[in-house]
Amino acid sequence: MSRLSLPVGAILRPAIFAVIFAPLALILMGMSLADLQARAAIGVPLASVEGMIGMAFSAILLAMISINCERNSIGMFIAATWALAIGFLQTFGYLQVHFLVASNLSTNDISAAQTWNLYPICVAAILFGGGGALALTHRARENSPDSDQLVSFQRHQGERIAVAVASLPLGVIAVVLLVRCAPADSLPMAASGLHAVIAQTPMHTSEGIAVAVMLGLITLVSRWSMIGPQVVAWVYIIPAFLLIPVGTSLSGAVVTPGKSMGTQILMSASTISAYGMILAASTLGIYWARRYAPNDASNSDQVA
């Protein structure tokens, strides 16, 4: 099956789907991220139902974009391009839909929530990695259209172990760097808002870029095995989205004024969960690409 043998619809469908739904998902994800950060900064991490639901709904839309790329990866590359554009526009005060959030956030607050973590660059890196993984999967299928498996079982076992061994340490290092980049003192929150909290935090640009590279690589290696990237994604989601907010709310160990490592962990939790959801969503399409590619190949041969 050559790239040219794909029907036009197989290319247009993921492209149009991504053009329409990727902006919705990314705008909602950016607003939800800012809302959850603001709630964490005032010591009520579970107070934003809108933020938690919005983040989960955004991940579902991104997963649908990835799944729609089972025959062509163009949709993921379009979503990644949207991520850069929308992220930077929100950072500079545009595309901010305030009725989507529970907190009373200013334009500066929303911009600041996406600055300290280099959010637009990290999200784009994950989505570009997902697009690259899908493109490599399609290319492998094109090179062996008559095979039911992209690689032998024994080789796949080795690749899966190698991907898991590489992904997990990278995922842990990325979290450590994110916590290091996060604000450590919420003292200005009451008087000046979230942007003042982040304004007093030194920018760790090199660490943020390193996080983007690591997350992009973790997503890219899903071409060889989904297990490692998916494990990393859920290790991010379950603690950062559920366990940490619930645990701190029940124990009372929430963000309080004054510098502390606990503040950094709680302030970075929403970012970690967002990256985990995007990582999990962007690698789902690999399964469908592997599953449906043989049927696509045989159909193309029959048409020819």
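Everything that follows concerns the structure shown earlier in this document.
Anyway, here's the lowdown on the structure attached to this text. Source: prediction; values computed, not measured. (Residues numbered from 1 in each chain as written. Predicted model: local features only at pLDDT ≥ 70, side-chain atom pairs only at ≥ 80, totals over all residues. Heavy atoms only, no water.)

Some words on the overall build of the protein chain
The helix and strand inventory of the protein chain stands at twelve helices and zero strands. Element order for the protein chain, N to C, with α for helix and β for strand: α-α-α-α-α-α-α-α-α-α-α-α. Classification of the 304 residues of the protein chain by burial places 54% in the buried group. In the protein chain, the share of contacts with a sequence separation of at least 24, taken over all contacts with a separation of at least 6, comes to 84%. (Helix = DSSP H or I, 4+ residues; strand = E, 2+ residues; numbered from the N terminus. Buried < 20%, exposed > 50% of the residue type's maximum accessible area, 1.4 Å probe, protein only. Contact = heavy atoms within 4.5 Å.)

A look at helix α10 (residues 227-251)
With 25 residues, α10 extends 33 Å from end C-alpha to end C-alpha; this agrees with the ideal 36 Å at 1.5 Å per step. Along α10, the largest kink reaches about 40 degrees and is centred on Leu243; proline Pro245 follows within four residues of it. The positive-phi residue at the C-terminal boundary of α10 is Gly252, with phi of around 85 degrees. (Expected span 1.5 Å × (residues − 1). Bend = angle between axes of the 7 residues up to and from the residue.)

With respect to the environment of Asp35
Here Asp35 shows up in helix α1 (residues 8-41). Asp35 sits in the buried class, given a relative accessible area of 0%. Spatially, the C-alpha atoms of Asp35 and Ala102 are 6.7 Å apart, while their sequence positions differ by 67 residues. Among residues more than four places away in sequence, those in contact with Asp35 are Ser48, Glu50, Gly51, Val101, Ala102, Ser103 and Leu105.

Observations concerning the packing of aromatic side chains
If you walk through the whole model with that rule in mind, you get four aromatic pairs. A centroid spacing of 6.3 Å and a plane angle of 15 degrees characterise the contact between Tyr119 and Tyr275, whose relative ring orientation is stacked. Of this pair, Tyr119 sits in helix α5 (residues 119-143) while Tyr275 sits in helix α11 (residues 261-282), and the two are 156 residues apart along the sequence. Taking the relative accessible area as the measure of exposure, Tyr119 reaches 3% and is therefore buried. (Phe/Tyr/Trp six-rings, centres within 6.5 Å; stacked < 30°, edge-to-face > 60°.)

Looking at the pattern of salt bridges
Tallied over the full model, the rule gives two salt bridges. Ionic pairing is found between Arg13 and Glu70, a salt bridge with its closest N-O pair at 2.8 Å. Residue Arg13 is located in helix α1, and its partner Glu70 is located in the loop between α2 (49-67) and α3 (74-91); the two are separated by 57 residues in the primary sequence. Assessed through its relative accessible area of 35%, Arg13 is described here as partly exposed. Across the salt bridge formed by Glu207 and Arg180, the nearest N and O atoms sit 3.0 Å from each other. Taken together, the residues Glu207 in helix α9 (residues 205-220) and Arg180 in helix α6 (residues 153-181) connect sequence positions 27 residues apart. (Salt bridge = Lys/Arg side-chain N within 4 Å of Asp/Glu carboxyl O.)

Remarks on the nonpolar core
Judged by nonpolar contacts, the single largest core of 78 residues is most densely connected at Leu127 and Tyr275. For this core, the leading source of residues is α1, giving 15 residues. Residues contacting Leu127, with those up to four places away along its chain left out, are Leu26, Met76, Ala79, Ala80, Ala83, Ile278 and Ser282. (Core = buried A, V, L, I, M, F, W, Y, C linked by side-chain atoms within 4.5 Å.)

What about the state of the cysteines?
Tallied over the entire structure, the rule returns zero disulfides. Cysteine Cys122 remains unbridged, with the sulfur of Cys181 as its closest cysteine sulfur at 8.7 Å. (Disulfide = S-S within 2.5 Å.)

A few points about the packing of α1 against α2
Packing of α1 against α2 leaves a shortest axis separation of 8 Å and a crossing angle of 155 degrees. Classified by the angle between their axes, α1 and α2 sit roughly antiparallel to one another. For the crossing formed where α1 meets α2, the hand is left-handed. Each of Phe17, Ala18, Phe21, Ala22, Leu24, Ala25, Leu28, Met29, Ser32, Leu33, Asp35 and Leu36 in α1 lies in contact with α2, whose residues at this interface are Glu50, Gly51, Met52, Gly54, Met55, Phe57, Ser58, Ala59, Leu61, Leu62, Met64 and Ile65. Class assignment of the residues belonging to the contact of α1 with α2 gives a composition of 18 nonpolar, four polar and two charged. (Axes fitted to C-alpha atoms, helices over the stretch in contact; angles between N-to-C directions. Parallel < 35°, antiparallel > 145°, perpendicular 65-115°, else oblique. Left-handed = near helix turned anticlockwise from the far one by under 90°. Nonpolar A, V, L, I, M, F, W, Y, C, P; charged D, E, K, R; others polar.)

What to know about unusual backbone geometry
Non-glycine residue Leu95 carries a positive phi angle of around 55 degrees. Of note, Leu95 is situated in the loop between α3 and α4 (107-113). Overall, the relative accessible area of 38% leaves Leu95 in the partly exposed class. Here Leu118, not a glycine, exhibits a phi torsion of approximately 50 degrees, which is positive. Structurally, Leu118 can be placed in the loop between α4 and α5.

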